[in-house]
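Chain by chain, the residues:
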Amino acid sequence: MSILKIEDLSVSYGNIKALKGISLEIEEGEVVSLIGANGAGKTTTLQTISGLLPIGDGDIFFEDKSIKKEKSYKITRMGIAQVPEGRRVFKGLSVEDNLKMGAISLKVSSEDLKMELDNIYKLFPVLKERKKQKAGTLSGGEQQMLAMGRALVTNPKVLLLDEPSMGLSPLFVDKIFDTIRILKEQGRTILLVEQNANLALDIADRAYVLETGNIVKEGKASDLKTDPDVKAAYLGI
């Protein structure tokens with residue numbers, strides 16, 4: 001059974017249709033990648049799932065329930081958390097306060113929050129070392145870890161990752177994708193938007209290719225990685 005399902009989804013910015021009736025689904029425990037060029041509609045897809053953009057036509061189902069009309073904070077409470085493109089940490093707050101902000105819309109006990117913080121500090125030891133430090137003083141890679149931790153503090157059923165490697169040094173790209181592999185091994189359900197198609201297809205179980213608001217290919221990530229059209233357009237082969 002699909003934990004998250006999109007059916008014939010259309011989204012517009014004024015007169016510009018960003019998504020043109022796309023459909024996709026994610027099974028529990030899967031890592032699914034959404035690849036495509038800039039402007040293809042990848043971020044729009046994630047923001048619409050999170051309730052940040054209104055749906056024109058179509059629907060989104062989470063655990064078989066339509067979330068088309070739900071507010072974004074309610075979608076977070078249901079179990080969908082997004083790590084936004086560009087990290088968007090609260091730079092003037094400490095690392096730990098940033099993490100706590102991730103759970104601000106949830107009704108969690110102090111004991112449960114402490115447990116989730118401990119889990120995040122195990123996943124990202126550098127955040128524990130710097131938990132009193134202001135987030136704005138962290139490196140770009142450390143801020144990406146913080147943004148991921150802020151989403152994970154909700155213990156989401158589905159994690160939406162938007163361009164996690166963007167603007168990072170190769171060293172931190174490796175660290176971020178090592179973390180995604182750990183989350184995959186833990187059985188997390190992840191929808192990954194990633195400009196680096198090689199990395200995205202290496203880590204995913206399945207993938208969709210999005211072009212100008214349309215899904216043009218889908219299948220096992222390993223199959224798409226050997227697809228001649230995908231290789232030519234996205235893998236530099």
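Since the model is a prediction, treat every value here as computed from it, not as a measurement.

Colleague: Would you mind showing me how to read the confidence of the model for the protein chain here?
Modeller: The predicted coordinates of low-pLDDT regions are not to be read in fine detail. Per-residue pLDDT for the protein chain has a mean of 91; in total, 99% of the residues score no lower than 70. The lowest-confidence element of the protein chain is helix 4 (residues 110–123), averaging 87 in pLDDT; the highest-confidence one is strand 8 (residues 189–193), averaging 97.

Colleague: Help me understand the pairing of strand 9 (residues 206–211) in this model?
Modeller: Remember that side chains alternate between the two faces of the sheet whenever the strand is regular. Along strand 9, five of the six residues are buried, which leaves the element largely enclosed by surrounding structure. Pairing geometry for strand 3 (residues 31–35) and strand 9, over four bridges, is parallel. Of the residues in strand 9, the one forming a bridge with Ile-35 is Val-209. Relative to strand 10 (residues 214–220), strand 9 runs antiparallel, the two sharing six bridges. For Tyr-208, the partnering residue across the bridge sits in strand 10 and is Glu-218.

Colleague: Help me understand the packing of helix 6 (residues 140–152) against helix 7 (residues 170–185), please; the structure alone is not making it clear to me.
Modeller: In helix packing, the relevant descriptors are the interaxial angle and the interaxial distance, both defined with respect to the helix axes. Relative orientation of the contacting elements helix 6 and helix 7 amounts to 20°, with a least axis distance of 9 Å. In terms of axis orientation, helix 6 runs roughly parallel to helix 7. Read as a crossing pair, helix 6 and helix 7 show a hand that is right-handed. From helix 6, Gly-141, Glu-142, Gln-144, Met-145, Met-148 and Leu-152 reach across to helix 7, where they touch Phe-172, Lys-175, Ile-176, Thr-179, Ile-180 and Leu-183.

Colleague: Where do I start with the sheet that holds strand 4 (residues 57–62) in this structure?
Modeller: Remark on secondary structure: sheet strands pair via backbone hydrogen bonds, oriented parallel or antiparallel. Pairing within the open sheet is antiparallel, and its four strands lie in the order 2-1-4-5. Every other strand in the sheet has two partners, leaving strand 2 (16–27) and strand 5 (65–66) as the edge strands with one partner each. Pairing of strand 1 (residues 2–13) with strand 4, which is carried by five bridges, proceeds in the antiparallel orientation. Bridge pairing in strand 4 places Glu-7 opposite Asp-59. On top of the sheet, helix 1 (residues 42–49) reaches strand 1, strand 2 and strand 4; it is set at about 115° to strand 1, its chief contact.

Colleague: What is the right way to read the environment of Gly-56 from this model?
Modeller: By secondary structure assignment, the location of Gly-56 is in the loop between helix 1 and strand 4. Its relative accessible area of 46% is what places Gly-56 among the partly exposed residues. In contact with Gly-56, other than residues within four places in its own chain, are Ser-10, Val-11 and Lys-68.

Colleague: Would you mind showing me how to read helix 7 here?
Modeller: Count 3.6 residues to each turn of an α-helix, and residues three or four apart come out pointing the same way. With 16 residues, helix 7 should reach 22 Å at 1.5 Å per residue; the first-to-last C-alpha distance of 23 Å fits that figure. Buried within helix 7 are the following residues: Phe-172, Val-173, Ile-176, Phe-177, Thr-179, Ile-180 and Leu-183. Burial along helix 7 is one-sided: seen end-on, the buried residues are contained in an arc of 150°. Of the residues in helix 7, the exposed ones pointing more than 90 degrees away from the buried face are Pro-170, Leu-171 and Glu-185. The inward-facing, buried residues of helix 7 abut helix 4, helix 6, strand 7 (158–162), strand 8 and helix 8 (197–203). Two residues or fewer past helix 7, Gly-187 is found with a positive phi of approximately 90°.

The rules behind each value
Residues numbered from 1 in each chain as written. Predicted model: local features only at pLDDT ≥ 70, side-chain atom pairs only at ≥ 80, totals over all residues. Heavy atoms only, no water. pLDDT = per-residue confidence, 0-100. Helix = DSSP H or I, 4+ residues; strand = E, 2+ residues; numbered from the N terminus. Buried < 20%, exposed > 50% of the residue type's maximum accessible area, 1.4 Å probe, protein only. Pairing = 2+ DSSP bridges. Axes fitted to C-alpha atoms, helices over the stretch in contact; angles between N-to-C directions. Parallel < 35°, antiparallel > 145°, perpendicular 65-115°, else oblique. Left-handed = near helix turned anticlockwise from the far one by under 90°. Contact = heavy atoms within 4.5 Å. Expected span 1.5 Å × (residues − 1). Arc of directions from axis to C-beta.

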